[in-house]
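# Coordinates in review
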Amino acid sequence: MTNDLMVDARSIRKHFGSNEVLKGINLQVNRGEVLCLLGPSGSGKSTLLRCINHLETINGGRLYVDGSLMGFREKGDALHEMRPSEIAKQRSHIGMVFQRFNLFPHLTTLENVIEAPIGVSGMSRAAAREKALELLKTVGLADKADAYPSQLSGGQQQRVAIARALAMEPKLMLFDEPTSALDPELVGDVLDVMRKLADSGMTMIVVTHEMGFAREVADRVVFMDQGVVVEEGKPKDVIDKPQNPRTQAFLRSVL
Amino acid sequence: MTSRSGTQNDDIVAIPLRHPWRWVSAALVVLILGAFVYSLWSSPNVNHSIINEFLFDKRVIGAAGLTVLLTVISMFIGTVLAILLAIMKLSTNPVLRIVSTAYVGFFRGTPLLLQVVFWGYLGIIYPKVEIGIPFTDFLLFSEKTSLVFTSLVAGIIALSLNEAAYAAEIVRAGILSVDSGQTEAAKSLGMSTGYTLRRIVLPQAMRVIIPPMGNEFISMLKNTSLLQVVAVMELYARTSQISSQNLAQVELLVVAGFWYLVMTTVLSWPQSYLEKRYGRGFSAPNQQQRWLRFSSKASA
């Protein structure tokens, strides 16, 4: 199973009760690739992202990250559920950034970043601290190490959230509408950090409505609607010359 | 920049509105209260020298100490059990959920006094306490119940188990008050359920848990007086024992009341410290010194 694929999703199905959210998604993401997921709200793009790190359990198909099956062990024909500790271990290699930041409000910026490296990876406090300060510097917040999240702007909080995810040295980063909850003038700083991260060779899947970012940074964009992949390709082709009428309609409404 | 007290050189200087009724109502309340306290204090039926004699009596002080000890121990056991019950009630295991719900229903649904007496009578139901391996003759420990479950132990059990039922709901409310995004963020970083609970959810829940637990602490301190019925010599039992000998009932009630007030006051001090400790990172509204505004004087 080891090949160039970081994410290999094969006919993923997910439903909440009778509500079918993902209807057989196929998605392959190469190592070092930046993929933007586009689509109207309710198209299932956030759910797909949450399935990739097993925050949601898929109902059908197979999902591999870096060659290993997420959430299950396959023995012969049967799938066995993994133990929570095994799932946690799989997740620790996948960073996730949320729309609403979800920083830990009772911890300072620095404590937010070092919590998982110390508690999950067993890093020493000194080493975790040193690394966290370095990460905070790269997201431009070295001077905010001792501030609490409530003392930061939305854009700053989101950059701390990115640093927190990077502190676990993930091999894959998932972004769930990272700029949707931000004031327009704060979006740029967050996108800059993501651009730098993309340039450094990180594999990224980004759910976004920022067409400028998708066009400029993404290697490939995937357009989803009603639980299926409608169109995918180079950003230039999909965003500027969409073939599918649904993609055309969506892009007309957002651009 | 505005300072914390909030005035700048170019602020509006207005003549403050007068509030004559504030003064009238305040004076009235103080007058009524003063008259009541005076009538009690000057009553010829209250013997001040008896109050003075027993206020710092060794037996009374010792009993007050026992009351504090009972409160702290029962509160500690009760809180630990409460966290367990709250987690059980929030778990996905239906049996644990039902057991927790039934426990809370039972211990909240019967009077504490009844529970205290029940644990006092435990020796009648189980005359002997034995620890050993079931279905064999091997016995590690065997003793008469009345020697193990002394009235003190029975009292602590009664108070702890009752407290756990109330505190469980407080802890559960605290856990539920933490946004689900926190758990998701913790999961996405690879944290286990237990670690997330300990390091992320409970510390944030504490902010919601502490104020009502302060209430519980004070209730507990006063509820220890119920242990009088199983002959635990706490403050109320001791003072009523003394008054049954010297027949100075009112005076000894004043003595007991004084010490209960002292203890509840002192024990509520750590609460504000804990609230600050667990409120870190949550911006608190700017607390103004209200009584300075009593006469509408702008804080300069």
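Residues numbered from 1 in each chain as written. Chains lettered and ligands numbered in written order. Predicted model: local features only at pLDDT ≥ 70, side-chain atom pairs only at ≥ 80, totals over all residues. Heavy atoms only, no water.

## Examining the confidence of the model for chain B
Counted only if it meets this: As a per-residue measure, pLDDT tells how confident the predictor is, with possible values from 0 to 100.
Averaged over every residue, the pLDDT of chain B is 88; residues scoring 70 or more account for 92%. Predicted complex metrics record ipTM = 0.93 and pTM = 0.82.

## What about the nonpolar core?
One broad rule of soluble globular proteins: the nonpolar side chains tend to lie buried together. We apply this condition: By convention a nonpolar core is built from buried Ala, Val, Leu, Ile, Met, Phe, Trp, Tyr and Cys residues, the set being connected through side-chain atoms within 4.5 Å. Buried residues are those whose accessible area, probed at 1.4 Å on protein chains only, stays under 20% of the maximum for their type, while exposed residues exceed 50% and partly exposed ones sit between those limits. Helix and strand labels come from DSSP, where a helix needs a run of H or I of at least four residues and a strand needs a run of E of at least two; each type is numbered from the N terminus. Throughout, a residue-residue contact means that at least one pair of heavy atoms, one from each residue, lies within 4.5 Å.
Core analysis: the biggest nonpolar cluster contains 50 residues, and Leu38, Ile162, Met173, Phe175, Met194 and Met204 of chain A have the highest contact counts within it. With seven residues, the single largest contributor to this core is helix H6 (residues 184-199) of chain A. When near neighbours in sequence (up to four residues on either side) are disregarded, Met204 of chain A contacts Glu33, Val34, Leu35, Met173, Phe175, Met194, Leu197 and Ala198 of chain A. Membership of the second largest hydrophobic core comes to 42 residues, among which are Val7, Cys51 and Met96 of chain A together with Ile200 of chain B.

## With respect to the layout of surface pockets
So the rule is basically this: The pocket and cavity definitions rest on a 1 Å grid over protein atoms only: a 1.4 Å probe that fits but cannot leave marks a cavity, an open set with protein on both sides within 12 Å along at least five of seven lines marks a pocket, and residues lining either have an atom within 4 Å of a point. Grid points are joined across faces, edges and corners, and a volume is the space filled by probe spheres set on the points. Basically, the charged four are Asp, Glu, Lys and Arg, the nonpolar ten are Ala, Val, Leu, Ile, Met, Phe, Trp, Tyr, Cys and Pro, and anything else, Gly included, counts as polar.
Looking at the largest pocket, its volume works out to about 900 Å³. Lining the largest pocket are 26 residues, and of these Leu90, Thr183, Lys187, Thr193 and Leu197 of chain B lie nearest its centre. Contributions of two or more residues to the lining of the largest pocket are made by helix H2 (84-91) of chain A together with helix H3 (58-90), helix H8 (151-176), helix H9 (180-188) and helix H10 (193-223) of chain B. Here the lining of the largest pocket takes five residues from H10 of chain B, the largest share from any one element. Taken together, the residues of the lining of the largest pocket sort by class into 13 nonpolar, nine polar and four charged.

## Observations regarding the sheet that holds strand E12 (residues 228-233) of chain A
Residues and elements named next belong to chain A. In plain terms, the rule: For two strands to be treated as a pair, DSSP must find at least two bridges joining them. In this analysis an axis means a line fitted to C-alpha atoms, helices contributing only their contacting stretch, and an angle means the value between N-to-C directions, from 0 to 180 degrees.
Taken in spatial order, the six strands line up as E8-E9-E10-E3-E11-E12 in an open sheet, and their pairing is mixed. The open sheet has two free edges, formed respectively by strand E8 (94-97) and E12, since each of these has just one partner strand. Pairwise comparison of adjacent strand axes, ignoring direction, gives a mean angle of 20° for this sheet. Across four bridges, the pairing between strand E3 (residues 34-38) and strand E11 (residues 220-225) is parallel. By the bridge assignment, Leu37 is partnered in E11 with Val222. In this fold H6 packs onto E3, strand E9 (172-176) and strand E10 (203-207), with an angle of close to 145° to the strand it touches most, E10.

## Some words on the interface of chain B and chain A
Let me state the cut-off plainly: Joining two parts hides part of their accessible area as seen by a 1.4 Å probe, and the buried area is that hidden amount summed over both. Definition used for salt bridges: Asp or Glu carboxyl oxygen within 4 Å of a side-chain nitrogen of Lys or Arg.
In this complex, chain B contributes 20 residues to the contact, which on the side of chain A involves 23 residues. When chain B packs against chain A, close to 2000 Å² is buried across both sides, 59% of that on carbon and sulfur atoms. Interface area lost by chain B to chain A is led by Glu184, Ser188 and Leu189 of chain B, which between them contribute 30%. Remark: the boundary between chain B and chain A carries two salt bridges.

## Focus: the environment of Leu136 of chain A
All names here are of chain A. For Leu136, the position within the fold is in helix H4 (residues 125-138). Classification of Leu136 as buried rests on a relative accessible area of 0%. Separated by 128 residues in the primary sequence, Leu136 and Asp8 place their C-alpha atoms 32 Å from one another. Look past the residues within four positions of Leu136 in its chain and what remains in contact with it is Thr109, Leu110, Val113, Leu141, Ala142, Ala145 and Ala163.

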